[in-house]
Each structure stands twice: as C-alpha cells, then as structure tokens.
Amino acid sequence: MFWNLYIGLIYGILYLCFIAYPIVFRGIRGWSLGISGLAFIGIGIGTIIIICCEPLIRRMINSHKPDPETGKPPPEAMMSIVCISAVLIPVGGLFFAWTCAPASIHWIAPIIASVFFGAGNTGVFIYASNFLAYSYGIYAASAMAGNSVIRSILGGVMPIVGGYLYNGLGPNWAGTLLGLLEVIIIPIPFVFYKYGHKIRRKSALIARMQEDKRRLEGKRERMAQRAQANALECQKEMV
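Just so it is clear, the structure is predicted and the values come from calculations on it, not from any experiment. (Residues numbered from 1 in each chain as written. Predicted model: local features only at pLDDT ≥ 70, side-chain atom pairs only at ≥ 80, totals over all residues. Heavy atoms only, no water.)

**Q** What is the right way to look at the environment of glycine 170 in this model?
**A** Locating glycine 170 in the fold gives a position in helix 7 (residues 140-184). You can call glycine 170 buried: its relative accessible area is 19%. For the pair glycine 170 and isoleucine 23, spaced 147 residues apart in the sequence, the C-alpha separation amounts to 9.7 Å. (Helix = DSSP H or I, 4+ residues; strand = E, 2+ residues; numbered from the N terminus. Buried < 20%, exposed > 50% of the residue type's maximum accessible area, 1.4 Å probe, protein only.)

So, in structure tokens, the structure goes:
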C-alpha cells in the first residue's frame, strides 16, 4: 500500500506538469503555443540521462550482496537507485518552483530544474517497477496491475485540481507545496531499501509465491531426472 501510494503521488505530480508548464511558460512568460512545448525538453533530457546511465546503474545494483536463495541481487538492490531518484525529484521540483516566476528570471533556470525532476521520475518508475516484479515473482502481473490502478487514479485526479492549486496559490507557492509533499514521502523508498526483506518475509502472498516456486522447481527437477533416466534406459537398450 505504501509503495503504491508513493509511486501514485510521484506519477500524479508528474502529470501536474501538463497543467503547470502552460501556466508558467505561456501565461507568465508569454511563450507561444508551439514554443511552450519545448519547455518539456528538460524532463526529456533527464530521462535520457538515466537511460544512458543504465550500465553504471546496473553495476551498482549488482554490487549488492546476492540473495542466498536465488544467487542474484535482492529486490531491495533496486531501491538504491530509487532512493537517489527520490531525492532528485524534490530538488528539481523546489528548484522549478522558485525559478519559474517571475518572468525576469532567465528561462533556462526552470528548464535546468526540470532535468533533475525528469531524471528522478524516470529512475523511480523504472526501478520501482523492477522492485515489484522481482518481489512478487510469478504474481508480478497482479502486483503491477494493482499499482497501475492507484497510479492511474492519482494521475487522473491531481491534474484536475492542479489548475485551482496554481491559480489559488500562484506558481511559486503551489510548486513549493508539491515539492514539500515530495520531501515528506522520501523516507518510503529508504525504509523499503533497509527493511524490504523483512517486509517481504511477513507477506502471506509472497510466502505463498515462494512455496509455489519451490514446488514448481521441484517438479521441474523431477521431470529432468525422469528424462535423464529415460535417456539412460534408451542407451542401454541400444547397446
């Protein structure tokens, strides 16, 4: 629940950008409709940076101590990247909040802020999804579906109230309020990074998944042994 809430809030605030950017760049800075669309280039650059850093990020994930059961890095290894991204998001958000207006502040400042914001969001969405998939194994589709429901609800509701928020408080204080909300939820990925393995052990669903996985692996092993025995029997008959 906490993880779905975290991702949902991050997703909803990202969608608020589609309300905030036109208010800031068209309403306050007077950019035309076509030029104002280029304001999103900062988020795009942040996304590209995270994608290009994937080999380094993967090395960081693989440097964690392997899980004794799987021999691979535990799901919490993904949280190391999410923790960094969770800090980048409010840094970019608060930076944007206090450089987006007035128009006398150079336009490059809020664009640079959106690079941090875009990089943080991309890191959260990619590796938070990986965390769910690795944690729930054969039930990953159900876990991702539940996360998508919460994420879509908040992603749909928050832009609806975004216009009232920005018009009521102004872009500086509205952005500050959202940035502080992002600061408040920073501890969530850190808690999962440190205690995620204990949380997973207490999950009845994950315990059932691990039992089903062991049963399936045992069945595969028996089938492999049976196939090997049949092959040996065929060889004896041929001899």
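**Q** Please explain the state of the cysteines as it appears in this structure.
**A** A disulfide bridge is the covalent bond that connects two cysteines by way of their sulfur atoms. For the coordinates displayed, the defined rule picks out zero disulfides. The cysteine cysteine 17 is free of any disulfide, with cysteine 100 supplying the nearest cysteine sulfur at 11 Å. Summary of cysteine pairing: cysteine 83 is not part of a disulfide, and the nearest cysteine sulfur, belonging to cysteine 53, is at 17 Å. For cysteine 83, a relative accessible area of 5% gives the class buried. (Disulfide = S-S within 2.5 Å.)

**Q** In this structure, what is going on with the side chain of threonine 122? I would like to understand it.
**A** Counting through the fold element by element, threonine 122 comes out in helix 6 (residues 108-136). The buried category is assigned to threonine 122, whose relative accessible area is 11%. Beyond its immediate sequence surroundings of up to four residues, threonine 122 is in contact with Thr47 and Ile50. (Contact = heavy atoms within 4.5 Å.)

**Q** In this structure, what is going on with the packing of aromatic side chains? I would like to understand it.
**A** We describe a pair of aromatic rings using the distance from one ring centre to the other and the angle between the two ring planes. Considering all chains together, one arrives at 15 aromatic pairs under this definition. With centroids separated by 5.5 Å and ring planes inclined at 45 degrees, the aromatic side chains of tyrosine 21 and phenylalanine 25 adopt a geometry described as tilted. Within this pair, tyrosine 21 and its partner phenylalanine 25 are both found in helix 1 (residues 2-28), separated by four residues, close to a single helical turn. The buried category is assigned to tyrosine 21, whose relative accessible area is 4%. (Phe/Tyr/Trp six-rings, centres within 6.5 Å; stacked < 30°, edge-to-face > 60°.)

**Q** Sorry if this is basic, but what is going on with empty space enclosed by the protein here?
**A** Throughout the structure, instances matching the rule amount to one cavity of 30 Å³ or more. The space that makes up the largest cavity amounts to roughly 160 Å³. Among the elements of the structure, helix 1, helix 5 (79-97), helix 6 and helix 7 are those that each provide at least two residues to the lining of the largest cavity. The residue inventory of the lining of the largest cavity, partitioned by class, reads ten nonpolar, five polar and one charged. (1 Å grid on protein atoms, 1.4 Å probe; cavity = no way out; pocket = protein on both sides within 12 Å on 5 of 7 lines; lining within 4 Å. Points joined across faces, edges and corners; volume = space filled by probe spheres on them. Nonpolar A, V, L, I, M, F, W, Y, C, P; charged D, E, K, R; others polar.)

**Q** Looking at this model, I keep getting lost on the pattern of salt bridges. Mind explaining?
**A** Opposite charge on two side chains allows them to pair when their charged atoms are near. Taken as a whole, this structure holds one salt bridge when the rule is applied. We note a salt bridge from glutamate 54 to arginine 58, for which the minimum N-O separation is 3.1 Å. Separated by four residues within a single helix, glutamate 54 and arginine 58 lie in helix 4 (residues 54-62), roughly one turn from each other. Residue glutamate 54 is classed as partly exposed on the basis of its relative accessible area, which comes to 26%. On the basis of relative accessible area, arginine 58 is assigned to the partly exposed category, the value being 24%. (Salt bridge = Lys/Arg side-chain N within 4 Å of Asp/Glu carboxyl O.)

**Q** Explanation requested: a nonpolar patch on the surface in the structure shown.
**A** Together, Val87, Val91, Phe95, Trp107, Ile108, Ile112, Phe116 and Phe190 make up a nonpolar patch on the protein surface, roughly 640 Å² of accessible area in all. Counting only elements with at least two residues in the nonpolar patch, the list comes to helix 5 and helix 6. Within the secondary structure, phenylalanine 95 is located in helix 5. Residue phenylalanine 95 is classed as partly exposed on the basis of its relative accessible area of 31%. (Patch = residues over 30% accessible without salt bridge, like charges linked within 9 Å, V, L, I, M, F, W, Y side chains within 5 Å. Areas by Shrake-Rupley, 256 points an atom, 1.4 Å probe, with all protein chains shown as cover.)

**Q** Even after reading the chapter, I still don't get unusual backbone geometry, so can you show me in this structure?
**A** In most cases, non-glycine residues show a negative phi, while peptide bonds are predominantly trans. Of the consecutive residues alanine 101 and proline 102, the connecting peptide bond is found in the cis state with omega at 5 degrees. By secondary structure assignment, the location of proline 102 is in the loop between helix 5 and helix 6.

**Q** Is there a simple way to explain the packing of helix 5 against helix 7 in this structure?
**A** Describing two packed helices takes the angle between their axes plus the distance from one axis to the other. Where helix 5 meets helix 7, the closest approach of the two axes is 8 Å, and the angle between their N-to-C directions is 170 degrees. Our classification of the angle between helix 5 and helix 7 gives roughly antiparallel. For helix 5 against helix 7, the interelement crossing comes out left-handed. The segment helix 5 lies against helix 7, with Ile89, Pro90, Gly93, Leu94 and Ala97 engaging Pro171, Asn172, Gly175, Thr176, Gly179, Leu180, Glu182 and Val183. Of the residues assigned to the contact of helix 5 with helix 7, the class counts are seven nonpolar, five polar and one charged. (Axes fitted to C-alpha atoms, helices over the stretch in contact; angles between N-to-C directions. Parallel < 35°, antiparallel > 145°, perpendicular 65-115°, else oblique. Left-handed = near helix turned anticlockwise from the far one by under 90°.)

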